[in-house]
Amino acid sequence: MNSITLTPGATSLDQLRQVYRAGLAARLDDAARPAVERAAAQVAAAAKGGEPVYGVNTGFGKLASVKIRPDDTATLQRNLILSHCAGVGDAMPAHITRLMMTLKLLSLGRGASGVRWRVIGQLQDMLANGVTPVVPAQGSVGASGDLAPLAHMTAMMLGEGEAEFGGKVMPGAAALKAAGMEAIELTAKEGLALINGTQFSTAYALAGLFEARRLAEAAIVTSCLSTDAIMGSTAPLQPEIHELRGHRGQIDVAASMRALMDGSEIRESHREGDSRVQDPYCIRCQPQVTGAAIDLIRQAGRTLEIEANAVTDNPLVLEGAGMIVSGGNFHAEPVAFAADTLALAIAEIGAIAQRRIAMMVDPALSFDLPPFLTPDPGLNSGYMIAEVTTAALMSENKHLANPCSTDSTPTSANQEDHVSMAAHGARRLTRMTPNLASILGVELLCASQGIECREPLKTSPALQTVLARLRKDVPSLGNDRYLATEMKTAATLVASAEVVRATGNDHLIDWSM
């Protein structure tokens, strides 16, 4: 399995995207090892001492006042893991689980968690050998860390729970044996270090981020196709308009749209003599809406890059100060806010795209396109119900975009009395992004059909290549036929970035902050 070496505290979103997309096995730079081992030695000394140190020689949560004998340290950590394996629901997708494991490596590798290098090695070997814990996706409230899902991950390291290996799900001990590995035994604080943290929530949020980036770029392409299909004006893309407002995302979207639509015969055909003074907002305000969404996605990306490199367990080993201190870095409020931000952006990109679809199928608004884009309306319904499906998906995403971070409920006998709800806030993005891909896929179908209705006039060279790419898999719509398969194909072209690459670009947006 191909690997990637990461530096704790300095890992980029691009490197994490490679882990997510390509399944690369992460390893930490060996330079991280000395700090890890110094912190582990500090914890080992504290475990033998008489002073109570939370999670090292005490109980957990509401039971923190209970002192634990030194010879019970290993039992304490094992009990912690097994008792916290309380997740329910479907298992996490394997590629997101592997991303979560990578994030845990990065956190432990900062040298403030007090685990031995052996623990880090176990995670690295699991990634390298393709041993993926089966982790139920429900059960975390996003503080005190993603306890239940991370406990299921950790149980696998001990030979408990279940894992996927070689395409099969099997008991954890059997998976380790099949991979030529052995279970480990945890020492002081190690179980707590492994399950305290935001890595489950952050992994799901990063997955949402990476998908949202692709879909935002695809939306620029489909919006250009729609603009030509309804013979919309490009005057609102004039650069001075967007520079006067100053928002980077808006400026970027307008520039991309101008480049993609350059050379369109359809556009040139109605520059003069067009009775329409202004297009509806879904055409005229595309840079303002999609650009604002792109700015939100950028902002969320910056938050998640910081969080991916953060130490988020508790207590923390402050080597320079010679202290082991309880804090609250496990609280996933930044991740919850980022997830809510992404949800807003995803919902709004879909909302304005759906209005463009509705415009194209409506003969009262489409500037002489046939009703529902069928050449023989009445006998045929064309894309009538495909548009209805996008309305349903748009509405579902609007509902899902309601904030999760504003919800909280006390847990653990009121010790953990304010929580972030980042876990399901991030997990809901895996429902929203496929919905958006389907909306944009239908827009791709409708806009391409609409452009073909304008023949012999042609769209721009860049957009012609997109149309040609679609027609390799989906023919023009004549008489009614089974549409679900074609809609799925179009959604895949959108989600896989094929429509963007068809324009001759790897990316349409610079995602750096």
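All values reported here derive from a predicted model rather than from experimental measurement. (Residues numbered from 1 in each chain as written. Predicted model: local features only at pLDDT ≥ 70, side-chain atom pairs only at ≥ 80, totals over all residues. Heavy atoms only, no water.)

With respect to the overall build of the protein chain
Logical step 1: When its secondary structure is counted, the protein chain shows 21 helices and 9 strands.
Logical step 2: Taking 2.2 N^0.38 as the reference for a compact globule, 513 residues should give roughly 24 Å; the C-alpha atoms of the protein chain span a radius of gyration of 26 Å, in line with that estimate.
Logical step 3: With respect to the principal axes defined by its C-alpha atoms, the protein chain has extents near 90 × 50 × 40 Å.
Logical step 4: Within the protein chain, the proportion of its 513 residues that are buried is 55%.
Logical step 5: Once local pairs closer than 6 in sequence are excluded, the contacts in the protein chain between residues at least 24 apart make up 79%.
Logical step 6: Accessible area of the protein chain: about 20,400 Å², with a carbon and sulfur share of 53%.
Logical step 7: Taking the average place of the 43 positive charges on the side chains of the protein chain and the average place of its 53 negative ones, the gap between the two points comes to 3 Å. (Helix = DSSP H or I, 4+ residues; strand = E, 2+ residues; numbered from the N terminus. Rg over C-alpha atoms; globule rule 2.2 N^0.38 Å. Buried < 20%, exposed > 50% of the residue type's maximum accessible area, 1.4 Å probe, protein only. Contact = heavy atoms within 4.5 Å. Areas by Shrake-Rupley, 256 points an atom, 1.4 Å probe, with all protein chains shown as cover. Lys, Arg positive; Asp, Glu negative; His and termini not counted. Charge placed at Lys NZ, Arg CZ, Asp CG, Glu CD.)

Overview of the sheet that holds strand S6 (residues 162-165)
The strands that make up a sheet are held in pairs by hydrogen bonds between backbone atoms, and each pair lies either parallel or antiparallel.
Logical step 1: Spatial ordering of the open sheet is given by S4-S6-S7, a layout of 3 strands whose pairing is antiparallel. At either end of the open sheet lies a strand with only one pairing partner, and these are strand S4 (132-133) and strand S7 (168-171). (Pairing = 2+ DSSP bridges.)

Some points on the pairing of S6
Logical step 1: Here S6 shows one buried face, formed by Ala-163 and Phe-165, and one open face, formed by Glu-162 and Glu-164.
Logical step 2: As paired elements, S4 and S6 share 2 bridges and run antiparallel to each other. Residue pairing for S6: Pro-133 is matched across the bridge by Ala-163.
Logical step 3: Sheet topology places S6 next to S7; 4 bridges connect them, and they run antiparallel. Within the sheet, the bridge partner assigned to Glu-162 lies in S7 and is Pro-171.
Logical step 4: Following S6, the chain reverses through 2 residues before pairing antiparallel with S7; Gly-166 in that reversal takes a positive phi of roughly 60°.

With respect to the pattern of salt bridges
Logical step 1: One pass over the structure, following the stated rule, counts 23 salt bridges.
Logical step 2: Taking the shortest distance from any N to any O, the salt bridge between Arg-69 and Asp-72 comes out at 3.0 Å.
Logical step 3: When salt bridges with common partners are traced through the structure, they connect Arg-248, Asp-252, Asp-295, Arg-298 and Asp-510 into a single cluster. (Salt bridge = Lys/Arg side-chain N within 4 Å of Asp/Glu carboxyl O.)

Here we look at the packing of helix H1 (residues 13-22) against helix H9 (residues 199-229)
Logical step 1: Across the interface, H1 lies against H9 with an axial gap of 11 Å and an inter-helix angle of 95°. Relative to H9, the element H1 lies roughly perpendicular. Contact residues: H1 offers Leu-13, Leu-16, Arg-17, Tyr-20 and Arg-21, while H9 offers Leu-206, Ala-207, Leu-209, Phe-210, Glu-211, Arg-213 and Arg-214. (Axes fitted to C-alpha atoms, helices over the stretch in contact; angles between N-to-C directions. Parallel < 35°, antiparallel > 145°, perpendicular 65-115°, else oblique.)

Overview of the packing of aromatic side chains
Logical step 1: The full count for this structure, using the stated rule, is 2 aromatic pairs.
Logical step 2: Considering the side-chain rings of Tyr-20 and Phe-210, the 5.6 Å spacing of their centres and the 40° angle between planes classify their relative orientation as tilted. Of this pair, Tyr-20 sits in helix H1 while Phe-210 sits in helix H9, and the two are 190 residues apart along the sequence.
Logical step 3: On the basis of relative accessibility, which here comes to 7%, the residue Tyr-20 falls in the buried class.
Logical step 4: Judged by relative accessible area, which is 2%, Phe-210 ranks as buried. (Phe/Tyr/Trp six-rings, centres within 6.5 Å; stacked < 30°, edge-to-face > 60°.)

Some details on the nonpolar core
Logical step 1: Membership of the largest hydrophobic core comes to 151 residues, with the highest contact counts inside it found for Val-131, Leu-206, Ile-297, Tyr-383 and Leu-444.
Logical step 2: Among the elements that line this core, the one with the most residues is H9, at 18 residues.
Logical step 3: Ignoring sequence-local partners within four residues, the contact set of Tyr-383 consists of Val-361, Phe-372, Leu-373, Leu-445, Cys-446, Gln-449, Leu-477 and Leu-483.
Logical step 4: One finds Ala-39, Ala-46, Ala-188 and Val-317 within the second-largest nonpolar core, a separate group that totals 8 residues. (Core = buried A, V, L, I, M, F, W, Y, C linked by side-chain atoms within 4.5 Å.)

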